[in-house]
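Residue-level structure breakdown
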Amino acid sequence: MQKHSGTLKIGFRPGERPEDYEGEYQCFASNDHGVAMSNKILLRVSKAPLWPKEILEPRVVTEGSPLILPCNPPPGLPPPQIFWMDSNMNPIPQNERVSMGQNGDLYFSNVHLQDAERDYSCNARFNFTHTIQQKNPFSLRVQTTEPYNDTSFNATDPYGGRRVAESRPSFLTPSGIQSSKMVLRDQELLLECIAAGLPTPSITWFKKGAELPAKKVKFENNNKVLRVLSVSEEDAGDYVCTANNNVGMIRHTISVDVKAAPYWLDKPTNLILAPDEGGRLVCRANGKPKPTIQWFVDGEPLEAKIREGSSNSVRHREMLGDTIIFRSVEIGSSAVYQCNASNQHGYLLANAFVSVLDLSPMMLGPKNQLIQVIENNRTFLDCPFFGSPLPEHRWFKNGQGSGLDGGHYRTYLNGSLEIKRTRREDEGTYTCVASNMLGKAENQVHLEVKEPTRIVQAPVHQSAVRGTTARFDCKVNSDPTLPVTVTWTKDDKPLDLRWRLKKDKDSLTISNINEGDAGTYTCMAKSAIDQDSVSARLTVLEDASLHPSLSSALPPGRPDPPMDLDLSDPAARSVRLTWIPGNDHNSPITGFLVQFEEDRWEPGRWQNLTSFSGDLNSVVLQLSPYVNYQFRVIAINSVGQSDPSQPSPRYKTSGAAPDAIPRGLRGWGTRNDNMEITWEPLQDLERNGPNLQYHVWWRRKDSGEQWDSGTTPSSNYVVQNTDTYVPYEIRIQASNEFGSGPESNVVIGYSGEDKPTEPPRQLQVSNVDSTKAQVKWKAVNMSSIRGEFKEYRLYYSRKSSLVPGLVVKEETKNKGFYTTADEPSGILTGLVPFSKYKMSMVVANNRFEGPPSNMVEFTTREGVPDAPKFFKINRRTLDTLYLEWDRPLEPNGILIGYKLEYQAVNSSRPSSPTILTIPHNVTKHTLRLPDRSTRYKLFLSALTQQGSGEVFAEESPHFSNEVELTNAFVFSDFTPTPPPLATLPSTTIAATESSTPATTPLTTTTTSSTTTVAPPPTTTEAPPTTTAAVLLISRGPNLNVLVTRGPEIWNLTVDPNSVYANVSWRHSFPAGSSAFVLEFALDSEKTRKVVKSVPVMQQPPVTVADLNASTTYHLRVYSHELNSISSTWVIFKTKAAYIDQVDIATQGWFIGLMCAIALIILILLIVCFIKRSRGGKYPVRDKKDLPLDPVDHKDQDGSFDYHSDEDNKPLQGSQTSLDGNVKESDDSLVDYGDGGDGQFNEDGSFIGQYTVKKDKDETEGNESSEATSPVNAIYSLA
């Protein structure tokens, strides 16, 4: 063993072998206070044995048959890696037909003739010794039934066209139809199925009674191997592999049993006790099978120590299975205790130091600290201490008060004091006092609260032309007692303040700007305890006068996506992301949004991670553990967001123990003898690692009992065999492979409830009126509820009505009363007048109701009746209304009559209402109207001794119509009179000739709410002037009834623009008392898909916005109250979107150009006019005899151009053409005698357009030149 360390170094002497040192090693460390020991270490010597020499005969196999070539490698430590090669050291290709099994053997599902073209050698690589052993090669002889044809071989027919018998699948490994497999928890499970058959079978897997966990399962070796990662208990079960080809199918079931080496549930921890104190060490572990717990003290079995020890040691220390209980410990009994949890698959060992100390409190932190904090921040004042027995600690402010705990103060067990939101009045001296029975110690902390450092006038993004001056403001407010330093950086680098850069107290000025000054400038104000910073970007522009650009005239647009994302500075929970911003398109980028995607929990879903200001392009991202991240960035300016950038490379964070505490912890019983503890599972990004488990602790409240615990991967845990409705203290902790997270606060839960045992007593009713009654009873004993008191529940039902002949259906209702008074009472409302009731009461908890109380019967008093069942105007002549109604559904008493009230509504003079009383046994009445041209409002109500009831109100229809008022509104006495109906449109029904007598009924359809008339063959809409009546012959007792059409919507028109439309329609609803809905739809796969519904309260026309340009819509209008009343659908298309383009006709340069052209044309016209007045007098005879050019040229467009050798010589008396060229004129009137239609003016001058003679014979030898006349000049300009 090395000196001054615990390292054991083994050296070999001459003649010694490494095998002599194989065995188990264990380290013990001891001093005067005890002995600690390590886990056992097994030392083995790695070996690479030689392959035994053997002579392998050639393997003879029939073509199409299966074959297994065994490997049987020599055992090594660790086991060797197997692979197959031929004698030329070429790997044997493996596929669906040929593959190597987990045991190293080479399997052929069926043999091809080509398999005999190579030999097969098994190789074993021993990685620890870096050696490879090779087995003698196998050679194959494949027998065939027909000769082999090399030319016919192809991949789809490896048998060269020969007939090879097909065979059903059979398993080469494993054998039989069922096998079993044992695997340890957290290890990998490998299941293998290799099948023989022709054609080669395909392998599939499934699990009986459950789905294969997609995130843990991998298929390898052409589906022949099923690999399950990190096995847990729920992976146990029956796995079935199937082999299938076109001949048949077979199955094999593998029963998997998951065992577990011990793992910790509650690991023992160090314990410090004072003399005469007590405590406990707990060692809890789980596994399969259940591990056994063995205790050691100072490296020796504790049981033996207890047996050998005195009665005094037994009295101070007791071992109860996985727990050691200490009572009234003494000085000198310090020791090291070891807990060993073991089963057949492994063991755990943990050391716990039990120290018995007798020590007065001592402060471990620095004395008289001065702490300066920023106002409104959370602050911690630390006060670490130690003592035995464990001291009590308290905090005082300015040496006064009874102790700080509560409000915005909170103390922690480690001695810290938290001030949740520090204010100015929290300044002062805080004293921490720790005390126990041996004394006390104290320490002071001086707290100063400072104002925050803030930049109140920040620099802003700006653009400046090269050569000008830019200024960034940065005004700072801070605490006057703290010195503040203001520094500037450019692109996160210190700024070199040269002669062009001037920094003063509140600004930075840059003069004579050039391209190198562009970048991001950051102002940072920093004090000793806080800082603030703001950044702004400077963009340098070229001088527009030197470099004109059209870009300044372009409107701003969305930025281009960032580019070239790069990851650097990797850490456990962070990484630096850098990118290059894209073009901002004339609108500065104000921010960047960073999004992430991970491939473990929600692959393919991009989520927002964080956002940054627009002056940054390199940021540090704070990440969660155990996540395989991928990032992208979106740029933002005033116009909108860019498209996302291309994703970054993936970055995987390492795992860690959970940081989060499960939320929503509660306990509640589902039966009377259990308690179900539930919580919200951690989110995917909070798991921080694999194999998430939840550790739950519970104990009865205020019992002082030890905590019971359990572990589960789900989000609930059921505690069995509890008492009924008992409070429990509950706490929870999440853990994974990397460790345990923080524990939750203690939550109070309750076990299950049971049925209450006591009924409410002395239930009685008083103060009964028509619709309510007062209920009184005696309270139950709260302990008899056997659960949480929820309410007293009153059950009541209406047995009958006191109105003779009125039959009611008995229906039981209930109402709850929550009260804890000894003599509770309540008011029961919603009763029906003039009725007989019965009721009883129970007490209820959350799950059960108790036994019922005594039954009580009572009757309600008479009330006012409901509205009449219906009220309609059956017929009306010019001055007569025939009214009909029915009794109310609920008279609520004995009817004594009806009250009919009517009043003119369209009279020019106000009139008082007229009231009529009608006997109770009359339901029809004929009303003669005082004025046939006046419309009336009618109100009908029933009467009892208590007064008139609910009113049925409606206006009389127009004098030429009759309306059935089954859809009329019901009004109370205070309901305002609705406005009259709008004028209905005129409807023309095509007339039909018929000789049928007038008594022949026409087809009609009548319901309780509407009258629907079968439509005539044709209907034509007319302007809405008057309402045309339709004469129908009814089957009812009243003949020749005039039925008006119901409310309608028609004449829907749309005036569309690009993004809005003006909509108008006509309707016959009451003006101001109806609402409409505009419904927009688009065509979608032969159906209409509603995309927009707009409620409208005002009368048409209306304007609807937010439409899409160049889109075809379907539109209808329907009533909000009566959805069945709708207009017909109309189709319209919005206009194309307006594009803001520059109109060339409004540009100054274009107007100037047009004016110049017009002026030139005017001058030319004047010149031509002058020339024309002189053009008839030029001589044509001087050159008339000149010969023509023998060559004439024909232009591409088919015209001819005649050239003369003297074309460039001006003739005497000839005129100059408009283009400045001079042509001679050799024209003679004789030459044109047979040509064009020349003619002379009155003054004898010749005018007209010369034409070229088309007959070459006539023109050959004569040269013709075209004279330039003013007329031709004008024509050419035109």
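Everything quoted here is computed from the prediction, not taken from an experiment.

1. Concerning the overall build of the protein chain
Looking only at helices and strands, one finds five helices and 97 strands in the protein chain. Scored against the burial criterion, the 1278 residues of the protein chain give a buried share of 37%. Sequence-distant contacts, at least 24 apart, represent 64% of the contacts inside the protein chain between residues at least 6 apart. Roughly 72600 Å² of accessible area belongs to the protein chain as shown, and the carbon and sulfur atoms make up 51% of that amount.

2. Brief notes about unusual backbone geometry
A cis geometry characterises the amide bond from Leu198 onward to Pro199, with omega recorded as 0°. Mapped onto the secondary structure, Pro199 falls in the loop between strand S16 (194-198) and strand S17 (202-207). In this structure, Pro1101 follows Pro1100 across a cis peptide bond, with omega equal to 5°. Among the structural elements, Pro1101 can be located in the loop between strand S90 (1087-1096) and strand S91 (1102-1104). Residues other than glycine seldom take positive phi values, yet Asn512 does so here, at roughly 50°. Among the secondary structure elements, Asn512 is positioned in the loop between strand S47 (507-510) and strand S48 (519-526).

3. Quick notes on the packing of aromatic side chains
When we look at a pair of aromatic rings, we describe it by the centre distance and by the angle of the planes. Scanning all chains against the criterion turns up 28 aromatic pairs. Plain terms: the ring middles of Trp679 and Tyr694 are 5.4 Å apart, the flat faces sit at 55° to each other, and that makes the pair tilted. Of this pair, Trp679 sits in strand S58 (residues 674-680) while Tyr694 is found in strand S59 (residues 693-700), placing the two residues 15 residues apart along the sequence. Between Trp1149 and Phe1150, the ring centres sit 6.0 Å apart and the planes meet at 90°, which makes this aromatic pair edge-to-face. Through successive ring pairs, a cluster of aromatic residues spans Trp777, Phe789, Tyr792, Phe817 and Tyr818. The ring centre of Trp601 lies 6.0 Å from the NZ or CZ of Arg600, which sits over that ring.

4. So, the side chain of Thr1134
Along the chain, the position of Thr1134 falls in the loop between strand S93 (1130-1133) and helix H3 (1148-1174). Here Thr1134 falls in the buried class, since its relative accessible area comes to 3%. A polar atom in the side chain of Thr1134 sits 3.0 Å from the backbone nitrogen of Ser1110. There is a polar contact of 3.0 Å between the side chain of Thr1134 and the backbone nitrogen of Thr1111. Other than its neighbours up to four places away in sequence, Thr1134 contacts Pro1056, Asn1057, Ser1058, Leu1107, Asn1108, Ala1109, Ser1110, Thr1111 and Tyr1113.

5. Regarding the sheet that holds strand S54 (residues 618-622)
Spatial strand order, S50-S51-S54: three strands in an open sheet with antiparallel pairing. Each edge of the sheet is formed by a strand with only one pairing partner; in this case those strands are strand S50 (563-568) and S54. Taken over all neighbouring pairs, the strand axes of this sheet differ in orientation by 25° on average, direction set aside. Bridge analysis of strand S51 (residues 574-580) against S54 gives five bridges, and the strand direction is antiparallel. The residue bridging Val575 from the neighbouring strand is Leu621, located in S54.

6. Some thoughts on the sheet that holds strand S26 (residues 300-301)
Through backbone hydrogen bonds, the strands of a sheet pair up, either in parallel or in antiparallel fashion. Across the sheet, which stays open at both edges, the five strands sit in the order S22-S30-S29-S25-S26 with mixed pairing between neighbours. At either margin of the open sheet sits one strand with a lone partner, and together these are strand S22 (271-273) and S26. Bridge count between strand S29 (residues 335-343) and strand S30 (residues 346-356): nine bridges; the pairing is antiparallel. Residue pairing in the sheet places Tyr337 in a bridge with Ala352 of S30.

7. Focus on a nonpolar patch on the surface
A surface patch of nonpolar side chains, about 680 Å² in accessible area, is lined by Leu1159, Leu1162, Ile1163, Ile1166, Val1167, Phe1169 and Ile1170. Relative to the helices and strands, Ile1170 resides in helix H3.

8. Description of the state of the cysteines
Using the criterion set out here, one finds five disulfides in the structure. Through a disulfide, Cys283 is tied to Cys339; the S-S separation comes to 1.7 Å. Where Cys283 bonds to Cys339 through sulfur, the torsion about that S-S bond is close to -70°, and the disulfide is left-handed. Here the residue Cys283 occupies a position in the loop between strand S23 (279-282) and strand S24 (284-288), and Cys339 occupies one in strand S29, the gap between them amounting to 56 residues. Residue class for Cys339 comes out buried when judged on its relative accessible area of 0%. The disulfide bridge from Cys383 ends at Cys432, spanning 2.1 Å between sulfur atoms. Torsion about the S-S bond of the Cys383 and Cys432 cystine: about -85°, corresponding to left-handed handedness. One end of the pair, Cys383, is in the loop between strand S33 (379-381) and strand S34 (385-388); the other, Cys432, is in strand S38 (residues 428-436), with 49 residues separating them in the sequence. The exposure classification of Cys383 matches that of Cys432, with both residues buried. Across the protein chain, the disulfide pattern expressed with sequentially numbered bonded cysteines is 1-2, 3-4, 5-6, 7-8, 9-10.

9. Some remarks on the environment of Val619
Position of Val619 among the secondary structure elements: in strand S54. Judged by relative accessible area, Val619 falls into the buried class, the value being 4%. Spatially, the C-alpha atoms of Val619 and Leu577 are 5.5 Å apart, while their sequence positions differ by 42 residues. Discounting residues that sit within four places of it in the chain, Val619 has contacts with Val575, Arg576, Leu577, Trp579 and Phe612.

10. Some thoughts on the environment of Leu1107
Relative to the helices and strands, Leu1107 resides in the loop between S91 and strand S92 (1112-1119). By relative accessible area, Leu1107 is classed as buried at 5%. Spatially, the C-alpha atom of Leu1107 lies 9.2 Å from that of Lys1092, the residues being 15 residues apart in sequence. Excluding residues that lie within four positions of it along the chain, Leu1107 makes contacts with Ser1058, Val1059, Tyr1060, Ala1061, Phe1080, Lys1092, Tyr1113, Phe1132 and Thr1134.

11. Description of the pairing of strand S88 (residues 1061-1067)
In S88, alternate side chains face the same way, and those of Ala1061, Val1063, Trp1065 and His1067 are buried while those of Asn1062, Ser1064 and Arg1066 on the opposite face are not. Bridging between strand S87 (residues 1049-1056) and S88 involves six bridges; their strand directions are antiparallel. Bridging across to S88, Ile1049 finds its partner in His1067. Direction of pairing for S88 relative to S91: antiparallel, over a ladder of three bridges. Looking at S91, one finds that Val1063 is bridged to Val1102.

12. Examining the pattern of salt bridges
One pass over the structure, following the stated rule, counts 41 salt bridges. A salt bridge links Glu318 to Arg327; the shortest N-O distance between them is 2.8 Å. Arg327 gets classed as partly exposed once you look at its relative accessible area, which sits at 39%. Between Arg786 and Asp754 there is a salt bridge, with its nearest N and O atoms 2.7 Å apart. Remark: Asp754 occurs in the loop between strand S64 (747-750) and strand S65 (761-766) and Arg786 occurs in the loop between strand S66 (773-778) and strand S67 (791-801); sequence separation between them is 32 residues. Residues participating in the shared-partner salt-bridge network are Arg424, Glu427, Glu451 and Asp479.

13. Concerning the confidence of the model for the protein chain
A low pLDDT means the predicted coordinates there should not be read in detail. When pLDDT is averaged along the protein chain, the result is 79, and 79% of the positions lie at 70 or above. Long-range and interchain partners of residues 1176-1278, a stretch whose pLDDT sits below 50, account for 107 contacts in this model, where long-range means more than four residues apart.

14. A word on the pairing of strand S21 (residues 249-266)
Sheet topology places strand S14 (residues 178-184) next to S21; seven bridges connect them, and they run parallel. Bridge pairing in S21 places Lys181 opposite Val256. The sheet contact formed by strand S20 (residues 237-244) and S21 spans eight bridges and is antiparallel. From the neighbouring strand, Tyr239 faces S21, where its bridge partner is Ile254. Where S21 meets S24, four bridges bridge the pair, whose relative direction is antiparallel. What sits directly across from Trp264, in S24, is Ala285.

Criteria and cut-off values
Residues numbered from 1 in each chain as written. Predicted model: local features only at pLDDT ≥ 70, side-chain atom pairs only at ≥ 80, totals over all residues. Heavy atoms only, no water. Helix = DSSP H or I, 4+ residues; strand = E, 2+ residues; numbered from the N terminus. Buried < 20%, exposed > 50% of the residue type's maximum accessible area, 1.4 Å probe, protein only. Contact = heavy atoms within 4.5 Å. Areas by Shrake-Rupley, 256 points an atom, 1.4 Å probe, with all protein chains shown as cover. Phe/Tyr/Trp six-rings, centres within 6.5 Å; stacked < 30°, edge-to-face > 60°. Lys NZ or Arg CZ within 6 Å of the ring centre and 35° of its normal. Polar contact = N/O pair within 3.5 Å; in protein donor to acceptor, adjacent residues only side chain to side chain. Pairing = 2+ DSSP bridges. Axes fitted to C-alpha atoms, helices over the stretch in contact; angles between N-to-C directions. Patch = residues over 30% accessible without salt bridge, like charges linked within 9 Å, V, L, I, M, F, W, Y side chains within 5 Å. Salt bridge = Lys/Arg side-chain N within 4 Å of Asp/Glu carboxyl O. Disulfide = S-S within 2.5 Å. pLDDT = per-residue confidence, 0-100.

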